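A closer look at the structure
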Amino acid sequence: MTSAAPSLTRVMAWLHGWLGVVAGWLLFAVFVTGTLAVYDDEIDAWMQPERPALQALAHPEQISIDRIAATLRRDLPASVDQWIITLPGERRDFATAAWFTPDGQFQLRQINPISGDWLEPRQTAGGDFFFRFHYRLSMPGVFGKALIALVSVVMLAALLAGIITHKRFFRDMVTFRPRAAERRVWLDGHLLVGVLFLPFHLLITYSGVVMLSDAVMPSGVQAAFADKGAAWRAGWMADLYPQGPLPSRAALGIAAPLVRLDPLLAAARQADGGRVPRLVIIENPGDQAALVQIHQSWDGQINRDPQIWVHDGVSGQVLARRDQQRGLHQAYTVLAGLHRMAFADPWLRAMMALGGLAGAAMIASGLILFARKSSRSQPDGSRSARFVARGNVGALAGLGVAVLAFLWSNRLLPVDLPARPWAEVGVFAAVWLLAVVHGCVVPSVGWAWRQQGAAFVLLALGLLVVDWISRPIAELAVLPLVAVGFGAVVLAVMTGWRPSRLAVRTVQKGGPVPLSLVLKRRMFILWGAGGGLTLAGCLWGWSAAQGTLLWSLLLSFIALVWAVAVGLWRSRMPRQ
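From a predicted model like this one, the values you see are computed outputs, not experimental measurements. Residue indices follow the written sequence of each chain, beginning from 1 at its first position. Reporting of local features is limited, given that this is a predicted model, to residues whose pLDDT is at least 70; pairs of side-chain atoms are given and counted only at 80 or more, and all residues count toward the totals for whole chains, interfaces and linings. Working from all heavy atoms in the structure, the side-chain values ignore hydrogens and water.

What follows deals with the packing of aromatic side chains. Two rings belonging to Phe, Tyr or Trp (six-membered ring only in the last case) form a pair when the distance between their centres is within 6.5 Å. Interplanar angles under 30 degrees mark stacking, angles over 60 mark edge-to-face geometry, and anything in between is tilted. Scanning the model with the defined rule gives 13 aromatic pairs in all. Relative to F428, the ring of F406 has its centre 6.4 Å away and its plane inclined at 85°; by these criteria the two rings are edge-to-face. Residue F406 is located in helix α15 (residues 383-412), and its partner F428 is located in helix α16 (residues 420-441); the two are separated by 22 residues in the primary sequence. Think of it in three bands: residues with accessible area under 20% of the maximum for their type are buried, residues over 50% are exposed, and the middle band is partly exposed, with areas taken using a 1.4 Å probe on protein chains only. Residue class for F428 comes out buried when judged on its relative accessible area of 3%. The rings of F129, F130, F133, F406, F428 and W432 are connected pair by pair, giving a single aromatic cluster. Any Lys NZ or Arg CZ that is within 6 Å of a ring centre and within 35 degrees of that ring's normal is treated as a charge sitting over the ring. The ring of W118 carries R109 above its face, with NZ or CZ at 4.1 Å from the centroid. We note R411 situated over the ring of W46; from NZ or CZ to the ring centre the distance is 3.9 Å. Helix and strand definitions follow DSSP, with helices as H or I runs of at least four residues and strands as E runs of at least two, each counted in order from the N terminus.

This is the structure in structure tokens:
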């Protein structure tokens, strides 16, 4: 007698679970760092407190490419044949100048777009570290991108398998039972964030796979343009743009003065409705064959492929203009723009960050569910369940501790330390590795969770103090308040989640609730609400964040005093 074949739903449930476990830890890190990368410019600003507030876009007529070019001409070697100047945008008010040294090393420095003087903030990995980790694990070469591309495909398959497995979409969208059994609470939370944010997760995962298509199928483009030989990239660009590639010239070795660039910048700004162009590339500066590319601003644009003007670098004559893509490339740039959300206003970026946090919560709850389910189905404890349970501690809680340690290192490392950005990255990697080892060697998994949770809370709350002390001018910033908000939420869960559930069950059974449970339950509600209000206030701006933090602390103190007073009064009452 042959057994019946398993149903499609059971097969998809098995596939959904194991795909999530195989790639879950790395996907959790990808979602967390991607969420942080949404605010990479803001993190950069916090990690370089010496940088002045220029507000260059408030006076766009004062921005001078000629002054920047004069600084580059004075300070760079004559052998540098290309200057890449990025002008201020909506989220950053400084310019950058980039170039390649004669030995091929890429250099990037910040520069004042009004005066043309170099800016000298501290060297830091900044928010760009989270962006590079998000899509290639901060690894050189193609290995990191290929690994992220692989887990992205796994994520897409796991989402599709989850859709087939869970048929009660509308019920799961509104079902959350915090008073049910603990495993049911984890399952409800997993389904809730998975279903509510499913369109976002599908979009962000599919667009990520498309953006990494060169790593998924690295030989596709080269095979399509094999007849071009070594010039396959030029053939690819010519196929993308009907106008063909942009003009390019080799240096003639004949000295010639560079055309005045500010009038060209003013004309480009007028042609784009007053918006400041975003990118200026000068090829062969000081040579008869000089070229000037002016890329219009892409702020507020989804596809991030603006109009480009190419001028002769000596006469200023317009040589070419490119503003039209082929349809397939437009579809690609739109998908990439939706993934990056660089065009979004602050509220839309906040919604994207919320979706990223929901994705991280969905993955984390799924990993915890897998470990609990496996250990319960096999009371003696399977190796896979123990491995996942211990790995969860370092991969989930350890990542949060490592991120906070990375931010602390920015304030504690000497400002003049050589290779300072690499030292910050080293602190991040070392702390995360220690967290993984700690989760594996501590005898009890529960103790490992509590110890790393306590480390997260201490680092999160302490970041506010360290930032205030270490700033050149004593003031508070929004980023430490975000850390305080998350720290308060984690502290509330650590101290009050289980006591709160126990207090509710005690009341349901008609028994008296001990004072300790009452206090922990109130602290759970107040700290959780205070942390949530602080995070919400950060979305409204600094003044709202400051106000919600102060009110949360004040209300928590009043509630604590009230709870203690009521508890003492009840304990003195004679029992009937």
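Moving on: the packing of α15 against helix α17 (residues 445-470). When two helices pack together, their arrangement is captured by the angle between the axes and the distance separating the axes. Between α15 and α17, the least distance of the axes is 9 Å, while the angle of their chain directions is 15°. With respect to each other, α15 and α17 are oriented roughly parallel. Once α15 is placed against α17, the crossing between them reads as left-handed. Simply put, an axis is a line fit to the C-alpha atoms, just over the touching stretch for a helix, and the angle between two N-to-C directions goes from 0 to 180 degrees. Should an angle lie under 35 degrees it is considered roughly parallel, over 145 roughly antiparallel, and from 65 to 115 roughly perpendicular; all remaining angles are considered oblique. Two helices crossing with the near one rotated counterclockwise from the far one by less than a right angle form a left-handed crossing, whereas a clockwise rotation gives a right-handed crossing.

Let us now look at the sheet that holds strand β2 (residues 95-100). Strands are treated as partners if at least two bridges between them are detected by DSSP. Pairing is antiparallel in the open sheet, where 7 strands are placed in the order β3-β2-β1-β4-β5-β6-β7. The open sheet is flanked by β3 (106-111) and β7 (318-322), the only strands paired with a single partner. Going across the sheet, the axis of each strand differs from the next one's by a mean of 15°, ignoring polarity. Pairing between strand β4 (residues 279-283) and strand β5 (residues 291-295): 5 bridges, direction antiparallel. Note that in β5 the partner of I282 across the bridge is V292. When checking whether two residues touch, look at their non-hydrogen atoms; a contact exists if any pair is within 4.5 Å. Against the sheet, helix α3 (residues 65-75) touches β1 (82-86), β2, β3 and β4, its axis set at about 140° to β1. The sheet strands contacting helix α12 (residues 261-271) are β4, β5 and β6 (308-312), and the helix crosses β5 at an angle near 30°.

Moving on, we come to the side chain of S64. Along the polypeptide, S64 turns up in the loop between α2 (40-47) and α3. Exposure remark for S64: the relative accessible area of 4% places this residue in the buried category. Side-chain polar atoms of S64 contact the backbone nitrogen of D66, separated by 3.5 Å. Contacts of S64, omitting those with residues within four sequence positions, involve P113, I114 and D262. The definition of a polar contact used here is a pair of N or O atoms within 3.5 Å, where within protein one atom must be able to donate a hydrogen and the other to accept one, and adjacent residues in sequence count solely through side-chain atom pairs.

Moving on to the confidence of the model for the chain. For the chain, per-residue confidence averages 80 on the pLDDT scale, and residues scoring 70 or more make up 75% of the total. Looking across the chain, the model is least confident in helix α20 (residues 542-572), with a mean pLDDT of 54, and most confident in α16, with 95. Scored between 0 and 100, pLDDT is the confidence that the predictor attaches to each residue.

The next point concerns the pairing of β7. Note: β6 against β7, 4 bridges, orientation antiparallel. Bridge pairing in β7 links V310 to A320. The turn linking β6 back onto β7 is made up of 5 residues, and G316 within it adopts a positive phi angle of 85°.

All right, on to a nonpolar patch on the surface then. On the surface, W347, L348, M351 and L354 cluster together into a nonpolar patch covering about 380 Å² of accessible area. Along the chain, L354 turns up in helix α14 (residues 346-377). Since its relative accessible area comes to 42%, L354 is described here as partly exposed. Grouping into patches uses exposed residues only, defined as over 30% relative accessible area, and leaves out salt-bridged ones; the cut-off is 9 Å for like charges and 5 Å for nonpolar side chains (Val, Leu, Ile, Met, Phe, Trp, Tyr). Accessible areas in this description were obtained via Shrake-Rupley with a 1.4 Å probe; residue shielding takes into account the shown protein chains only. Here, a salt bridge means any Lys or Arg side-chain nitrogen found within 4 Å of an Asp or Glu carboxyl oxygen.

Below, the discussion takes up α12. Those residues of α12 not exposed but buried are L261, L264, L265, A268 and R269. Burial along α12 is one-sided: seen end-on, the buried residues are contained in an arc of 135°. The exposed residues of α12 that point more than 90 degrees off its buried face are Q270 and A271. Check the buried side of α12 and you find it contacts α3, β4, β5 and β6. Backbone geometry just after α12 places G273 at a positive phi near 70°. When we speak of the arc, we mean the arc of directions from the helix axis to the C-beta atoms.

Moving on, we come to the pattern of salt bridges. Applying the stated criterion across every chain, the model contains 14 salt bridges. D128 is the partner of R132 in a salt bridge, and the nearest nitrogen-oxygen pair spans 2.8 Å. Of this pair, R132 and D128 both sit in helix α4 (residues 128-136), separated by 4 residues, roughly a single helical turn. Here D467 makes a salt bridge to R411, at a shortest N to O gap of 2.8 Å.

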